[in-house]
Amino acid sequence: MTSAAMPGSTSGSTSGRPIRELPERVAAQIAAGEVIERPAAVLKELLENALDAGAERIAVEIEAAGRERICVHDDGRGIPAEQVTLAFRRHATSKLARVDDLGRLSSYGFRGEALPAIAAAAGRLRLTTRSGSERTASLIEFERGLSSGVRPAARAVGTSVEVHDLFAGQPARRAFLAGARAERAAILRVASDAVLASPARSLRLSSDGRRPLEHQAASELGGEAALREGLSSVFSPQAAERAVWFEARSDRAELGLDGLAGAPDDARRTRDRIRLFVNGRPVHDRRLSFAVQEAYRDWLDSGEFPLVVARLTVPPEAVDVNIHPAKTEVKLRDPAAAFSLVGRTLREALSGERSGSPRRLRTGAVRAPVRSADLQTERPAAAGDATGGTGLAPEAAAMPRMAVPVGEHIRRSVAEAAPLPSFAADGSGAALPPLRMVGQLHRTFIIAEGPSGLVLVDQHGAHERVVYERLLGLGRESGSGVSAGSAAIQPLLEPLLLALDAEESANWSAAADRLGRLGFDAELFGERTLRLRALPGAVAAADAETVIRGVLTDLTPERVELERFDRAAASAACHGSVRRGQVLDTAAMTALLRDLERCENPHSCPHGRPTLIEISADDVLREFRRK
Ligand code: ADP
Ligand code: MG
């Protein structure tokens with residue numbers, strides 16, 4: 001990857017240029033807009049400035065999720081004393097002089113807007129800087145946008161910017177800020193994007209007394225090795241090791257591409273791990289993100305998204321970065337070429353690496369066909385849960401005798417067809433009639449025979465419902481101690497150590513309390529290792545890692561703050577359930593039907609989708625013109 005065109009590259013053309021006020025004409029062509037709408041946006045601007053200044057090491061300190069204090073120290077080239085005041089003037093920049101330069105940017109910044117905007121938004125801002133040619137540093141301070149002038153100070157070469165009390169004078173803006181956890185997550189995202197964009201620089205983030213991200217660059221490493229180190233710091237060493245390097249060019253379209261494609265095991269249920277960069281800038285581009293997802297289609301279940309870091313380089317004149325105030329979107333001259341290059345390269349990288357069955361290398365997420373007997377032996381002794389935490393109780397379970405009203409889905413078809421004597425109503429909850437297992441369809445549905453016809457059961461949704469009710473201690477046997485919700489805890493014989501990525505670790509802190517109440521007994525051990533000592537009885541020990549990771553992806557701080565308690569249970573149930581696409585044997589399917597029959601609300605999964613539909617025997621007869 002060429003470095004000359006990359007923003008912030010030490011060899012970039014902006015090195016050491018003086019800061020100048022942009023001529024009116026140039027300033028007018030710059031995408032205007034409020035850049036500083038939240039603490040994470042402030043951090044993004046300050047990091048970009050540090051990278052543009054050629055910094056090798058950057059330290060970020062955050063207090064109260066950025067509201068109290070955001071501080072960025074760098075060892076870049078600094079600002080000469082006589083230019084310090086100018087740096088805070090609107091449209092004053094060292095990075096752009098003429099309109100033409102907008103077409104060949106080699107820096108992150110170009111608007112000269114960030115420092116003045118931040119100084120205006122902060123209760124107090126202090127910048128201390130020293131350029132390579134000076135012996136003393138300069139310090140400038142702003143209180144509510146007003147400067148006290150420049151005075152001498154002491155500092156090594158480089159720049160520190162300290163922002164206190166953001167939006168102090170704008171109570172409305174302050175009130176609109178997301179919760180602290182959400183803001184910390186956004187801050188982490190900005191910092192981790194910086195690491196992935198510039199993995200050859202070191203970056204350390206301390207946030208409210210924690211160290212959610214620490215990246216030590218080994219400077220002698222080149223493209224692939226450096227990016228692997230970045231992946232290791234942001235996600236996990238295992239993810240970095242498992243990822244596949246890819247590299248391609250399209251000379252016709254003048255596009256370059258490289259990056260790392262994560263293993264299917266490192267996929268998650270959100271798009272957060274798809275990180276795209278165009279000329280070193282993190283971008284959100286639906287089309288490119290879709291190209292990435294498509295390339296993984298045979299490797300992942302629907303709803304799963306891969307870990308991919310893809311870096312496109314295009315000639316500066318082939319991309320317009322000046323369309324979005326926060327510069328998070330870019331316009332490519334030839335988006336179709338980029339789309340197909342990304343898709344093709346990833347597909348080749350994935351199939352080259354894992355020839356044969358794509359799912360072969362998956363260790364965690366795809367399980368062998370479920371056999372309730374196997375699952376029984378796999379699990380360590382569970383306190384108070386004798387049926388097997390998977391919800392697939394041993395076959396031995398006798399057919400329960402059912403005589404209770406029917407639920408919505410069956411009721412509908414019943415209403416259309418003739419009334420069925422076997423669906424006797426007794427006024428209590430909506431339960432299922434006895435279902436006889438017939439077989440499996442599309443590895444997704446269980447075909448069963450009910451009293452009035454054919455019943456298709458969604459194996460994932462049904463199992464989700466079973467696990468969910470056990471987690472919450474619902475269901476018809478909750479009194480018997482068979483599934484006593486959070487009371488049914490299975491201690492692990494050996495604690496399970498899970499390496500968390502930075503986001504998972506942040507999410508853990510947010511969700512720990514709820515997960516504890518469900519029966520997950522775990523604690524953070526250092527910054528990024530979770531030690532799991534016990535699980536809810538309803539979750540199979542073999543699924544512990546999948547469930548924990550799934551829950552930690554689902555329960556972003558925003559969601560924990562906004563949603564109800566049972567969200568955690570729904571998420572745990574979802575990740576701890578058999579999937580679509582999984583072959584189930586007769587015993588497992590029979591057991592699942594029995595477990596579903598015992599549920600309090602067997603007709604829908606925790607997300608509200610139906611678990612089963614019925615096709616009445618009458619309809620079938622009619623189709624065959626037998627009626
Ligand atoms: P822009 O980055 O768009 O030029 P800013 O307002 O962010 O605008 O910064 C104004 C100028 O201040 C920059 O052009 C640069 O010369 C100087 N500057 C800002 N931050 C730093 C830093 N950390 N190190 C060196 N110079 C900096
Ligand atoms: Mg800037």
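Higher on the page you've got the structure.
Attention here is on the structure that accompanies the text. (Residues numbered from 1 in each chain as written. Chains lettered and ligands numbered in written order. Predicted model: local features only at pLDDT ≥ 70, side-chain atom pairs only at ≥ 80, totals over all residues. Heavy atoms only, no water.)

1. Details of the overall build of the chain
For clarity, the threshold we go by: A run of DSSP states H or I qualifies as a helix once it reaches four residues; a run of E qualifies as a strand once it reaches two. Both are numbered from the N-terminal end. In this scheme, a residue with accessible area under 20% of its type's maximum is buried, one over 50% is exposed, and one in between is partly exposed, where area comes from a 1.4 Å probe on protein chains only. Residue contacts follow a heavy-atom distance rule, with two residues in contact if any of their heavy atoms lie within 4.5 Å. Here the accessible surface of atoms and residues is derived via Shrake-Rupley with a 1.4 Å probe, and residues count as covered only by protein chains that are part of the display.
When you go through the chain residue by residue, the secondary structure sums to 19 helices and 24 strands. Across the 627 residues that make up the chain, the buried fraction comes to 56%. Restricting the contact set of the chain to residue pairs at least 6 apart, pairs at least 24 apart contribute 71%. As displayed, the chain offers around 26,500 Å² of accessible surface, 51% of which is attributable to carbon and sulfur atoms.

2. Digging into the sheet that holds strand 21 (residues 489-499)
Operational definition: When DSSP finds two or more bridges between two strands, those strands count as paired. Where helices are involved, their axes are fitted lines through C-alpha atoms of the stretch in contact, as for all axes, and angles between N-to-C directions lie from 0 to 180°.
Reading across the sheet, the three strands line up as 21-23-22 and stay open at both edges, with antiparallel pairing between neighbours. Each edge of the open sheet is held by one strand with a lone partner, namely strand 21 and strand 22 (521-525). For this sheet, the mean inter-axis angle between neighbouring strands, taken without regard to orientation, is 10 degrees. Sheet analysis places strand 22 next to strand 23 (residues 529-536), joined by five bridges and oriented antiparallel. Across the sheet, F525 pairs through a bridge with T529, a residue of strand 23. Across the sheet, helix 15 (residues 544-554) is in contact with strand 21 and strand 23; its angle to strand 21 comes to roughly 65 degrees.

3. So, the packing of helix 13 (residues 459-471) against helix 18 (residues 586-597)
Stated precisely, the cut-off is as follows: In these notes the angle categories are as follows: under 35 degrees is roughly parallel, over 145 is roughly antiparallel, 65 to 115 is roughly perpendicular, and the rest is oblique. Rotating anticlockwise by less than a right angle from the far helix to the near helix defines a left-handed crossing, while the corresponding clockwise rotation defines a right-handed one. Gly is put with the polar residues, along with every residue not named as nonpolar or charged; the nonpolar set is Ala, Val, Leu, Ile, Met, Phe, Trp, Tyr, Cys and Pro, and the charged set is Asp, Glu, Lys and Arg.
Two elements in contact, helix 13 and helix 18, have axes whose closest approach is 9 Å; the angle formed by their N-to-C orientations is 50 degrees. Comparing the axis directions of helix 13 and helix 18 gives the class oblique. Considering only the axes of helix 13 and helix 18, their crossing is left-handed. Between helix 13 and helix 18, the residues in contact are Q459, A462, H463, R465, V466 and R470 and L592, D595 and L596, respectively. Across the contact of helix 13 with helix 18, the residue classes tally to four nonpolar, two polar and three charged.

4. Overview of the packing of aromatic side chains
Applied cut-off: Two rings from Phe, Tyr or Trp (for Trp, the six-membered ring) form a pair when their centres sit within 6.5 Å of each other. Planes less than 30 degrees apart are called stacked, planes more than 60 degrees apart edge-to-face, and all others tilted. For a ring to carry a charge above it, either NZ of a lysine or CZ of an arginine must fall within 6 Å of the ring centroid while also lying within 35 degrees of the normal to the ring plane.
Within the structure shown, the criterion is met by one aromatic pair. Between F88 and F142, the aromatic rings sit 4.5 Å apart at their centres with planes inclined by 40 degrees, giving tilted as the arrangement. Residue F88 is located in the loop between helix 3 (84-87) and strand 4 (92-93), and its partner F142 is located in strand 6 (residues 137-143); the two are separated by 54 residues in the primary sequence. Looking at F88, the relative accessible area reads 9%, which means it is buried. Seen from the ring of F339, R287 lies directly overhead, with NZ or CZ sitting 5.1 Å from the centre. The cationic tip of R531 hangs over the ring face of F525; the distance from NZ or CZ to the ring centre is 4.4 Å.

5. A closer look at the side chain of H460
Of note, H460 is situated in helix 13. For H460, a relative accessible area of 8% puts it in the buried group. Sequence-distant contacts of H460, that is, excluding residues within four places in its chain, are made with C574, S577, V578, R579 and R580.

6. Some thoughts on the sheet that holds strand 24 (residues 612-616)
Strand order in the open sheet formed by four strands is 18-19-20-24, and the pairing between neighbours is antiparallel. In this open sheet, the two strands that pair with only one neighbour each are strand 18 (436-441) and strand 24. Between one strand axis and the next, the sheet turns through 25 degrees on average, direction left out of account. Pairing analysis gives five bridges linking strand 20 (residues 453-458) to strand 24, with the strands arranged antiparallel. What sits directly across from G453, in strand 24, is S616.

7. With respect to unusual backbone geometry
The phi torsion at D165 lies on the positive side, around 60 degrees, for a residue other than glycine. With respect to the helices and strands, the residue D165 is situated in strand 8 (residues 158-166). Classification of D165 by relative accessible area gives partly exposed; the value is 35%. One non-glycine residue, N279, lies in the positive phi region at around 50 degrees. For N279, the location among the structural elements is in the loop between strand 13 (274-278) and strand 14 (281-283).

8. Quick look at the nonpolar core
We apply this condition: Here, nonpolar core refers to any group of buried Ala, Val, Leu, Ile, Met, Phe, Trp, Tyr and Cys residues whose side-chain atoms link them within 4.5 Å. Boundaries of every domain are those given by an automatic assignment or by a domain database.
Residues L125 and V163 are the most contacted members of the largest nonpolar core, which totals 62 residues. Ranked by residues supplied to this core, first place goes to helix 6 (residues 180-197) with nine residues. When we break this core down by domain, the ones giving at least three residues each are domain 1 (24-215) and domain 2 (235-351). In this structure, V163 is in contact with V42, L46, E68, R69, I70, I118, A122, R124 and L125, ignoring residues within four places of it in sequence. Among the nonpolar cores identified, the runner-up in size contains 34 residues, and A253, L255, A337 and A349 belong to it.

9. What about the pairing of strand 10 (residues 210-215)?
In this structure, strand 9 (residues 202-207) lies alongside strand 10, joined through four bridges in antiparallel fashion. Residue pairing for strand 10: L205 is matched across the bridge by L213.

10. With respect to helix 14 (residues 502-518)
Just so we agree on the cut-off: Take the residue count of a helix, subtract one, and multiply by 1.5 Å to get its expected span. The angle between axes fitted to the seven residues ending at a residue and the seven residues starting there is what we call the bend at that residue.
Between its terminal C-alpha atoms helix 14 stretches 23 Å, which fits the 24 Å expected from 17 residues at 1.5 Å a residue. Largest kink in helix 14: about 60 degrees, centred on A511. Restricting attention to buried positions, one finds in helix 14 the residues A502, E504, S505, N507, W508, A510, A511, R514, L515 and L518. Phi turns positive, to about 115 degrees, at G519, one or two residues after helix 14.

11. Focus: a nonpolar patch on the surface
Here is the rule: Only residues whose relative accessible area exceeds 30% and that take part in no salt bridge are eligible for patches, with like-charged residues grouped when within 9 Å of each other and nonpolar side chains (Val, Leu, Ile, Met, Phe, Trp, Tyr) grouped when within 5 Å. Within this document, salt bridges are pairs made up of a side-chain nitrogen of Lys or Arg and a carboxyl oxygen of Asp or Glu, the two lying within 4 Å of each other.
Taken together, the side chains of L454, I615, V620 and F624 define a hydrophobic patch exposed on the protein surface, amounting to about 330 Å² of accessible area. Within the element layout of this structure, V620 appears in helix 19 (residues 617-623). Overall, V620 belongs to the partly exposed group, its relative accessible area being 31%.

12. Observations regarding empty space enclosed by the protein
Put simply, the rule reads: We place a 1 Å grid over just the protein atoms. Points where a 1.4 Å probe fits but has no way out form a cavity, open points with protein on both sides within 12 Å along at least 5 of 7 lines form a pocket, and any residue with an atom within 4 Å of a point lines it. Grid points are joined across faces, edges and corners, and a volume is the space filled by probe spheres set on the points.
Counted according to the given criterion, the structure contains six cavities of 30 Å³ or more. Of the voids in this model, the second largest cavity is the one considered here, and its volume is about 100 Å³. In this structure, the second largest cavity is lined by F235, R268, T270, D272, R273, R275, D501, E503, E504, N507, L552 and T553. Of the residues that constitute the lining of the second largest cavity, the class distribution is two nonpolar, three polar and seven charged. Viewed by domain, the lining of the second largest cavity spans two of them, domain 2 (235-351) and domain 4 (484-575), each represented by three or more residues.

13. A look at the pattern of salt bridges
Should the charged atoms of two oppositely charged side chains come close, the side chains can pair. Under the definition given, this model contains 38 salt bridges. Here R533 and D521 are joined by a salt bridge, their closest N and O atoms 2.9 Å apart. Remark: D521 occurs in strand 22 and R533 occurs in strand 23; sequence separation between them is 12 residues. Here the residues in one salt-bridge network are R268, R273, D501, E504, E545 and R549, joined through shared partners.

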